Amino acid sequence: GGVMSPGGKHVAGYTAFIDESDAAGFRYTVSFIDLDTGEVTEVGPFFKSQYDFFSTQAVTDQGVLFINLGMTGECLMIDLDGNASFVERIDGCESWPHVSRASEDGRYWVGYVTERKGFYRPVLWTDGVPELLPMPEKNYRDEDFTTGILGRGISNDGSVIYGSTWENSDFGMVYWKRVNGEWQVAYAGKDVRKVTPVKMIDKEGNEYDLNMVNGLTCTAEHTKVSPNGKWLASMYRTETPTENRTDWILEKRAAFYNTETEKTIIVEDYGESGGQFVTDDGIAFIGLGTLGVTTGKVYDLNTQTDLGDTADWAYDTYGIIIPYGYINYITADGSVMLGTSAQESAMGINFIKWYIAPPLEK
C-alpha cells in the first residue's frame, strides 16, 4: 500500500520477498519515489524476524516512512538513508503508539495509543513530543466511552485534526481545532447530528434501550481533511428502527463538513456513497457504494453540482487516462494526486494505489 506525503514530495511503501535465510522466511525492501525527479530510493533489506511489517501508515515530505508492525505492535520509522527507529512509548500508556499522518513540515504527527487495556486515546506529537488529545464528554451515542477514539488525520499546517470513535461499529467522526492555544474537540457534523432514544426488542422478546444516531462517520482513512483544514470528507449515516423494533436500517450518503462555518453538506445524488477527499476550495471526491468501492464521482460543494466521473475529471484536469477508481488525496496546489483502483486476479480483488505527478523535464 503506497502512501503520499502531504506536500506531494514522496510516495513510499514496501515490497516483501521470500527469503529462506531469514528465520521468518521474508525480507522487505522500502521504496521512496521522489515525485519531482522520478528517482526511486530503495533501502533495506529489513528481515521479518526482526521487523514484522504489517502496513504503511504515512510518509513525510522530509522522507520518513511510518510502518505498523504486526506481532509486536510497534510503529517503525524508516528514513531515506535506511535508518530505522521506533516511535517511543508514551509514559503511562499500555501499548506502543501508532502514527497515522503528519503535517507538511513534519513537525506534527497524529495517531493513537492504548492508554489502558482496550481503551484508545488520540495523540498529537509536536517535534516528537506526544500529548493526549482531549475527548468529548460522551461517545457517539451520548453514552460513556468504553473503547475510545483513534486519531486519523491532520491538515497540512497542523491546525485541524480528525479521528474516529471505536465503540463497536459506531465510527463517529471527531475533530479538533486549536482555539486560543487550546485544542477544542467536537463531533463533525454537529449541525445534522441527532440522537434518539429507542426501545428495541431483543431475540428473547425483551425490551432494551438504544440511542440511535444520525451523524457523520469515518473509519481508518488518513486523508479526509482538506490541506488547510477547511473541509472534512465523511459519510452521513442514518439509523431507523424496523417496524417491529428488532433491528434497524442504515442509510449512508457522502457528506462534507466545513470546519469554519460548522455546516454540513449531504450529497443525496448518488445513493449509497461516502466522501473520500475534498480540496480547500470545495471540490469533493465521492466513492460510490460503501464496501469495496471501485468507482467515484466529483462534486462541486459550492454550486452543489456534479462534475462527472472520477476518470473523466482526471482526464479533463490532467490529460491522463486513469484506472477506474477513486481519489484519495490531491496536494494543495493540485499538482499531485493519489488514487485507488480495484484489480481482479485469481486471488480475488486487490486495491492498488496509483499517482499522477507533473511531467519530468527532458
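Structure shown above.
Since this is a predicted model, take the numbers as computed values, not measurements. (Residues numbered from 1 in each chain as written. Predicted model: local features only at pLDDT ≥ 70, side-chain atom pairs only at ≥ 80, totals over all residues. Heavy atoms only, no water.)

1. Considering the nonpolar core
Counting 20 residues, the largest nonpolar core has Met4, Phe285, Trp313, Ile330 and Met337 as the members making the most contacts within it. Those elements that provide at least two residues to this core are strand S23 (283-288), helix H1 (310-318), strand S26 (326-330), strand S27 (337-345) and strand S28 (348-356). Setting aside anything within four residues of it in sequence, one finds Ile330 in contact with Pro227, Phe277, Phe285, Trp313, Tyr318, Val336 and Met337. (Core = buried A, V, L, I, M, F, W, Y, C linked by side-chain atoms within 4.5 Å. Buried < 20%, exposed > 50% of the residue type's maximum accessible area, 1.4 Å probe, protein only. Helix = DSSP H or I, 4+ residues; strand = E, 2+ residues; numbered from the N terminus. Contact = heavy atoms within 4.5 Å.)

2. A look at the packing of aromatic side chains
Scanning the model with the defined rule gives 18 aromatic pairs in all. Note on Trp109 and Trp125: the rings are 6.0 Å apart at their centroids and 45° apart in plane angle, and the pair reads as tilted. Pair noted here: Trp109 is in strand S10 (residues 108-116) and Trp125 is in strand S11 (residues 119-126), with a separation of 16 residues, a long-range link. Since its relative accessible area comes to 15%, Trp109 is described here as buried. Between Tyr270 and Tyr299, the aromatic rings sit 6.2 Å apart at their centres with planes inclined by 85°, giving edge-to-face as the arrangement. With Tyr270 in the loop between strand S21 (263-266) and strand S22 (273-278) and Tyr299 in strand S24 (residues 296-300), this residue pair connects regions lying 29 residues apart in the sequence. Like Tyr270, the residue Tyr299 is buried in the burial classification. In this structure an aromatic cluster arises from ring pairing among Tyr14, Tyr28, Phe46, Tyr51, Phe53, Phe86 and Trp96. (Phe/Tyr/Trp six-rings, centres within 6.5 Å; stacked < 30°, edge-to-face > 60°.)

3. Considering empty space enclosed by the protein
Going through the model one piece at a time under the given rule, you end up with one cavity of 30 Å³ or more. Considering only enclosed or pocket space, the largest cavity measures out at about 30 Å³ in volume. Lining the largest cavity are Arg101, Ile154, Ser155, Asn156, His222, Thr223, Val225 and Tyr329. Counted by class, the lining of the largest cavity contains three nonpolar, four polar and one charged residues. (1 Å grid on protein atoms, 1.4 Å probe; cavity = no way out; pocket = protein on both sides within 12 Å on 5 of 7 lines; lining within 4 Å. Points joined across faces, edges and corners; volume = space filled by probe spheres on them. Nonpolar A, V, L, I, M, F, W, Y, C, P; charged D, E, K, R; others polar.)

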